[in-house]
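Listed below are the residues making up each chain.
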Amino acid sequence: FQLCSLALFSQPQTTFCLTDSLSDEQETFLRRWRTENSIKQVHASSKLYIPIKFHIVGRDDGTGYYPLEDLMRNICELNSWFDKANMSFYVIDSVSFINSSTLYEHDNFIAPLKVIEANYVKDRINVFIVNDPVGACGYFNPSSGAIVVNNICLEPGNMTIAHELGHFFSLP
């Protein structure tokens, strides 16, 4: 929790997390998603391998993308944090590069939904890396099932993506 506090104070212009409490409908969606999708564990002592589909978002003109090499570092760091929980995340399919100024910088949750829904890939955790998600470091949108993360909140040691994955897995 101290690292989350440090991340919050190191980004004073950015709210840390905008994920609200889940409604009953959203909790039902998450339970159903986990039951129907490919996240499986053979037995308690085996490692749980979880597929993530990353979408790196740039402006309409194709500029502003988060560097792919930095994303690979993030995945390694994420796996080190979740190792004690016997969980490992892996990139499935190729990383998507999306030209969408609407999603790249958005000040509400409605405007980018069409872009998220058009690029969402079933049976994976979908993470969209953008420049400014409603002034926050990130959020989990239970309606779309997607995680949206601010690229400046992916610096080494920043736990935003781990925090939002916690929301995805129904942690408060």
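The following refers to the structure shown. This is a predicted model, so every value here is computed, not measured.

## Describing the state of the cysteines
Link 1 in the chain: Following the criterion strictly, the structure yields one disulfide and no others.
Link 2 in the chain: Two residues share a disulfide in this structure: Cys137 and Cys153, whose sulfurs sit 2.1 Å from each other. Looking along the S-S bond of the Cys137-Cys153 disulfide, the torsion reads about -60°, which is the left-handed sense. Taken together, the residues Cys137 in strand S8 (residues 136-141) and Cys153 in the loop between strand S9 (146-150) and helix H6 (160-168) connect sequence positions 16 residues apart.

## Focus: the packing of helix H3 (residues 68-82) against H6
Link 1 in the chain: Running from N to C, H3 and H6 point in directions that differ by 55°, and their axes come no closer than 10 Å. On the basis of their axis angle, the class for H3 and H6 is oblique. Regarding H3 and H6, the two cross each other, and that crossing is right-handed. Residues Leu78, Trp81 and Phe82 of H3 touch H6, and the partners they reach there are Ile161, Ala162 and Leu165.
Link 2 in the chain: Of the residues contributing to the contact of H3 with H6, the split by class is six nonpolar, no polar and no charged.

## Some thoughts on H3
Link 1 in the chain: The terminal C-alpha atoms of H3, which comprises 15 residues, lie 21 Å apart, in line with the 21 Å expected from a rise of 1.5 Å per residue.
Link 2 in the chain: Here H3 has its buried residues at Leu71, Asn74, Ile75, Glu77, Leu78, Asn79 and Phe82.
Link 3 in the chain: Next to the buried residues of H3 lie strand S2 (48-58), strand S3 (87-91), strand S6 (125-130) and H6.

## A short note on the packing of aromatic side chains
Link 1 in the chain: This model, assessed by the stated rule, comprises five aromatic pairs.
Link 2 in the chain: Pairing Phe109 with Tyr139 gives two aromatic rings, centres 4.8 Å apart and planes at 90°, and the pair type is edge-to-face. Note that Phe109 is positioned in the loop between strand S5 (105-106) and helix H5 (113-119) and Tyr139 in strand S8, a separation of 30 residues in sequence.
Link 3 in the chain: Residue classification places Phe109 among the partly exposed positions, given a relative accessible area of 33%.
Link 4 in the chain: Plain terms: the ring middles of Phe140 and Phe168 are 5.7 Å apart, the flat faces sit at 80° to each other, and that makes the pair edge-to-face. Taken as a pair, Phe140 in strand S8 and Phe168 in helix H6 lie far apart in primary sequence, 28 residues in all.
Link 5 in the chain: Accessibility expressed as a relative area gives 2% for Phe140, which makes it buried.
Link 6 in the chain: Members of the aromatic cluster, each reached through a chain of ring pairs, are Phe140, Phe168 and Phe169.

## Description of the side chain of Ser100
Link 1 in the chain: One can find Ser100 in the loop between strand S4 (96-99) and helix H4 (101-104).
Link 2 in the chain: By relative accessible area, which is 5% here, Ser100 ends up buried.
Link 3 in the chain: Not counting the four nearest positions on each side in its chain, Ser100 is found in contact with Val57, Gly58, Arg59, Asp60 and Val115.

## Overview of the pattern of salt bridges
Link 1 in the chain: Summed over the entire model, instances satisfying the criterion amount to three salt bridges.
Link 2 in the chain: Asp83 is paired through a salt bridge with Lys47; the nearest N and O atoms lie 2.7 Å apart. Here Asp83, found in the loop between H3 and S3, pairs with Lys47, found in the loop between helix H2 (24-36) and S2; they are 36 residues apart in sequence, far enough to count as distant.
Link 3 in the chain: Since its relative accessible area comes to 43%, Asp83 is described here as partly exposed.
Link 4 in the chain: Among the ionic pairs, Asp93 bridges to Arg124, the shortest N-O distance being 2.8 Å. With Asp93 in the loop between S3 and S4 and Arg124 in the loop between H5 and S6, the pair connects residues that are 31 residues apart, well separated along the chain.
Link 5 in the chain: Judged by its relative accessible area of 43%, Asp93 falls in the partly exposed class.

Cut-offs applied
- What you see as residue numbers is a count from 1 along each chain, following the sequence as written.
- The predicted nature of this model means local features are confined to residues of pLDDT at least 70 and side-chain atom pairs, given and counted, to a pLDDT of 80 or more, with totals for whole chains, interfaces and linings taken over all residues.
- To obtain the side-chain values, all non-hydrogen atoms of the structure were used and water was disregarded.
- When two cysteine sulfur atoms are found within 2.5 Å, that pair is recorded as a disulfide.
- The way it works is that DSSP assigns letters per residue, a run of H or I at least four long becomes a helix, a run of E at least two long becomes a strand, and they are numbered from the N terminus.
- Under this scheme, a helix contributes an axis fitted over its contacting stretch, all axes are lines through C-alpha atoms, and angles between N-to-C directions fall in the 0 to 180 degree range.
- By the definition adopted for this analysis, an angle is roughly parallel if under 35 degrees, roughly antiparallel if over 145, roughly perpendicular if from 65 to 115, and oblique otherwise.
- The crossing is said to be left-handed when, going from far helix to near helix, the turn is anticlockwise and less than a right angle, and right-handed when the turn is clockwise.
- When checking whether two residues touch, look at their non-hydrogen atoms; a contact exists if any pair is within 4.5 Å.
- Charged means Asp, Glu, Lys or Arg here, nonpolar means Ala, Val, Leu, Ile, Met, Phe, Trp, Tyr, Cys or Pro, and polar covers whatever is left, Gly included.
- Helix span is expected to be 1.5 Å times the residue number reduced by one.
- With a 1.4 Å probe rolled over the protein chains alone, any residue whose accessible area is under 20% of its type maximum counts as buried; one over 50% counts as exposed, and the rest are partly exposed.
- Pairing of aromatic side chains here covers Phe, Tyr and the six-membered ring of Trp, requires ring centres within 6.5 Å, and sorts the geometry by plane angle: under 30 degrees stacked, over 60 edge-to-face, intermediate tilted.
- For salt bridges, the criterion is a side-chain nitrogen of Lys or Arg within 4 Å of an Asp or Glu carboxyl oxygen.

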